[in-house]
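# Survey of secondary and tertiary structure
Each chain, written out:
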Amino acid sequence: MKTGILVKDRLNREVFVYDKTTYWYDNLYNLIKTMDYHKTGKDCDWAIIKVYDSLTEKECYCLMFEETTTGEDWKHDFDFFPKPVKAYKGWKHRLVYHKGFYDEWQSARDVILGELSGLLEKLAKKQKCEVSELKLFITGWSLGASIAPIAAEDCYEHFGIEPVLICYEGANPCESLHTRDYIMHHIDIDESIAFVYSNDFVPRCAPIFGKKLKDIIYYLNDHKCKFPFYFIKKIISYIRDTEYYHCNADVGILKYMPQCE
């Protein structure tokens, strides 16, 4: 698999500082896995943290989503039929999402956006700027990374901010090319990135409908042989090794992604 054109030269770098710890792409993944989350609606687990952005050297917020942890989460994972959504009054076009991911986000969006709205307004006042000029990170792993793009598009519509999307081993929530392209036009494409092990089957779901955010996918590859042997090896790996690849994105980033000095 070819890494996306927008991230092919990206280096593992500092993202932000939180609680006196500097987080790079690799250990941000571990922060997501260990964060304490709120549970809202249809088992949507989320957290909002204030961070210090390493590029702008300003305070901002990060919205995080947890991975699959419950039986209800699993139901959402496999409820992958397309769901047309016309969420905002006056829209001319519908977006089409993975139904389970959208339903989980929709069940919590009013609470999350309400909480985030108050925090962003206070921060904008402190920094003497408009809310739309603030920076916002949205990130998650697995199920969390599958909900994150839906939340990013919603946050753009709600706040006018193009969020920085940082995802790890997420499935594909977009189930039409128009939806995929719409999200790509409303995130910060200069900083957004999605990490995917090429041997992990999960980011290939939904296998029929899912449309990849291909230009921001950074593939953590382990290509050792050529077709057809590579193809056979890949199928065996899907069956045998998906759990390992799905749960060790930090190892892949350190192994395959060049490091900033």
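All of these numbers come straight from a predicted model, not from anything done at the bench. Residues take numbers from 1 onward in each chain, read along the sequence in its written order. The predicted origin of the model limits local features to residues at a pLDDT of at least 70 and limits the giving and counting of side-chain atom pairs to 80 or more, whereas totals for whole chains, interfaces and linings rest on all residues. Hydrogens and waters are ignored; side-chain quantities use all the structure's heavy atoms.

### Points about unusual backbone geometry
- The backbone of Lys20 sits at a positive phi, close to 70 degrees, despite the residue not being glycine.
- Secondary structure elements follow DSSP: runs of H or I of four or more residues count as helices, runs of E of two or more count as strands, with numbering from the N terminus. In this structure, Lys20 sits in the loop between strand E1 (14-18) and strand E2 (21-24).
- Positive phi, normally seen in glycine, also occurs at Asp43, with a value near 65 degrees.
- By the secondary structure assignment, Asp43 is in the loop between strand E3 (38-40) and strand E4 (44-53).
- Burial classes follow relative accessibility: with a 1.4 Å probe on protein chains only, a residue under 20% of its type's maximum area counts as buried, one over 50% as exposed, and anything between as partly exposed. Among the residues examined, Asp43 registers a relative accessible area of 7% and is labelled buried.

### A few points about the packing of aromatic side chains
- Side-chain rings of Phe, Tyr and Trp, where Trp is taken by its six-membered ring, are said to pair if the distance between their centres is within 6.5 Å; with planes under 30 degrees apart they count as stacked, over 60 as edge-to-face, and otherwise as tilted. Evaluated as defined, the whole model comprises nine aromatic pairs.
- Measuring from ring centre to ring centre gives 5.8 Å for Tyr97 and Tyr102, while their planes differ by 10 degrees; the resulting arrangement is stacked. The pair Tyr97 / Tyr102 is uniform in exposure class, with both members buried.

### Focus: the pairing of E2
- Pairing between strands is defined by DSSP: at least two bridges between them are needed. Note: E1 against E2, four bridges, orientation antiparallel. Bridge pairing in E2 links Phe16 to Tyr23.
- Connecting E1 to the antiparallel partner E2 that follows it, the hairpin turn spans two residues, and Asp19 within it adopts a positive phi of roughly 55 degrees.

### A short note on the side chain of Thr179
- Topologically, Thr179 is positioned in helix H5 (residues 177-184).
- Only heavy atoms enter the contact rule, under which two residues are in contact if any of them lie within 4.5 Å. Excluding residues within four positions of it along the chain, Thr179 makes contact with Leu95, Val96, Tyr97 and Cys174.

### Quick notes on the state of the cysteines
- Disulfides are defined as pairs of cysteine sulfur atoms found within 2.5 Å of each other. Scanning all chains against the criterion turns up zero disulfides.
- Here Cys60 stays free of any disulfide, with the sulfur of Cys62 as its closest cysteine sulfur at 7.9 Å.

### A closer look at the packing of helix H2 (residues 71-78) against helix H3 (residues 99-127)
- H3 packs onto H2 with a crossing angle of 130 degrees between their chain directions and a minimal axis gap of 6 Å. Classified by the angle their axes make, H2 and H3 are oblique. Of the residues in H3, those in contact with Asp73, His76 and Asp77 of H2 are Gly100, Phe101 and Glu104.
- Under the grouping applied here, Gly and all other residues not named as nonpolar or charged are polar, the nonpolar ones being Ala, Val, Leu, Ile, Met, Phe, Trp, Tyr, Cys and Pro and the charged ones Asp, Glu, Lys and Arg. Its residues assigned to classes, the contact of H2 with H3 shows one nonpolar, two polar and three charged. Fitting a line to C-alpha atoms yields each axis, with helices limited to the stretch in contact; the angle taken between N-to-C directions then spans 0 to 180 degrees. When describing relative orientation, an angle under 35 degrees is termed roughly parallel and one over 145 degrees roughly antiparallel, while 65 to 115 degrees is termed roughly perpendicular and anything else oblique.

### Concerning the side chain of Asp26
- Tracing the backbone through its elements, the reader meets Asp26 in helix H1 (residues 25-34).
- In this structure, Asp26 is in contact with Asn12, Asp250, Ile253 and Leu254, ignoring residues within four places of it in sequence.

### Things to note about a nonpolar patch on the surface
- Patch membership needs two things, relative accessible area over 30% and no salt bridge, and members are linked within 9 Å if like-charged or within 5 Å if nonpolar (Val, Leu, Ile, Met, Phe, Trp, Tyr). Note on areas: Shrake-Rupley with a 1.4 Å probe; residue coverage comes only from the protein chains shown. Within this document, salt bridges are pairs made up of a side-chain nitrogen of Lys or Arg and a carboxyl oxygen of Asp or Glu, the two lying within 4 Å of each other. Judged by side-chain polarity, Ile5, Leu6 and Ile189 come together as a nonpolar surface patch covering roughly 250 Å² of accessible area.
- Residue placement: Ile5 occurs in the segment before E1.
- The class of Ile5 is exposed, set by a relative accessible area of 57%.

### Re the pattern of salt bridges
- Within this structure, the stated rule accounts for 11 salt bridges.
- Two residues, Asp45 and Lys39, come together in a salt bridge whose shortest N-O distance is 2.9 Å.
- For Asp45, a relative accessible area of 6% corresponds to the buried category.
- You can call Lys39 exposed: its relative accessible area is 52%.
- As a salt-bridge pair, Asp53 and Lys135 come within 2.9 Å of each other at their nearest N and O atoms. With Asp53 in strand E4 and Lys135 in the loop between H3 and strand E8 (136-141), the pair connects residues that are 82 residues apart, well separated along the chain. For the pair Asp53 and Lys135, one class covers both residues: buried.
- Beyond isolated ion pairs, a larger network of salt bridges with shared partners links Arg13, Asp53, Lys135 and Glu191.

Distances and angles like these do not, on their own, reveal function.
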